[in-house]
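Chain by chain, the residues:
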Amino acid sequence: MSSQEFTHLDNAGNPSMVDVGEKPVTKRIAKARSIVVLDDEIMKKLQGEEIHTKKGPVFQTAIIAGVMAAKKTGELIPLCHPLGLENCQVEISMNDQNEVEIICTASLTGKTGIEMEALTGASVAALTIYDMCKAFSHNIVIRETRLIAKSGGKRDFVLEN
């Protein structure tokens, strides 16, 4: 595989930030999902659509953490461009398998994609749920984090189930 296939390597194979100076400004939206599997001990604490702990409401705290993380993605991932998000929404619900599903949707009008911000927001929200629930049990699995849709760049993407 040649280094030309990777966007964050220069011609010599060294790490390099992608030059987006000539790219067109477009509306860009990305949506990422993380799945967190909680054991029965923790699920017993679920009241309505929230788990309450001594640290506070788990899902509400995870939503705030996800948005904060998405805003700091350029500081966390070395070759990401620092981006001024126009919007970031984190939604947390239980799916059909009784797992916690986190959806982070991030958007901006700019020259580069926003996938990493959506992925970071979903990931940190999942980690926050782990942190807040570990006092009940360490039998928690962050099963997957993946991009489920993006639009506005060279290629649109929608995950097909």
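Reading the values: rules and limits
Residues numbered from 1 in each chain as written. Predicted model: local features only at pLDDT ≥ 70, side-chain atom pairs only at ≥ 80, totals over all residues. Heavy atoms only, no water. Buried < 20%, exposed > 50% of the residue type's maximum accessible area, 1.4 Å probe, protein only. Helix = DSSP H or I, 4+ residues; strand = E, 2+ residues; numbered from the N terminus. Pairing = 2+ DSSP bridges. Core = buried A, V, L, I, M, F, W, Y, C linked by side-chain atoms within 4.5 Å. Contact = heavy atoms within 4.5 Å. Axes fitted to C-alpha atoms, helices over the stretch in contact; angles between N-to-C directions.

What follows is about the pairing of strand β6 (residues 100–110). Within a regular beta strand, the side chains point alternately toward one face of the sheet and then the other, so they alternate between its two faces. Judged by how many residues are buried, β6 sits mostly within the fold: nine of eleven residues are covered. Here eleven bridges tie strand β1 (residues 26–38) to β6, and the two strands are oriented antiparallel to one another. Across the sheet, residue A30 finds its bridge partner in β6, namely A106. Summarising the sheet, strand β5 (residues 87–94) and β6 pair through eight bridges and their orientation is antiparallel. Within β6, the residue paired with E91 across the bridge is I103. Between β5 and β6, which pair antiparallel and follow one another directly, the connecting turn spans five residues, one of which, N98, has a positive phi of 65°.

Quick look at the nonpolar core now. V36, L38, I92, V100, I102 and I129 are the most contacted members of the largest nonpolar core, which totals 30 residues. Secondary structure elements with two or more residues in this core: β1, α1 (40–43), α2 (58–71), β5, β6, α4 (115–133) and β7 (140–151). Counting residues per element, this core draws most heavily on α4, at eight residues. Residues contacting I129, with those up to four places away along its chain left out, are V36, L38, V58, F59, A62, I92, V100 and I102.

Before going further, it helps to examine the sheet that holds strand β2 (residues 46–47). Spatial ordering of the open sheet is given by β2-β3-β4, a layout of three strands whose pairing is antiparallel. Only two strands of the sheet have a single neighbouring strand rather than two, namely β2 and β4 (56–57). When strand β3 (residues 50–53) meets β4, the two strands line up antiparallel, connected through two bridges. Looking at the pairing, T53 lines up with G56 of β4. The sheet contacts of α2 involve β2, β3 and β4, and relative to β3 the element is tilted by about 100°.

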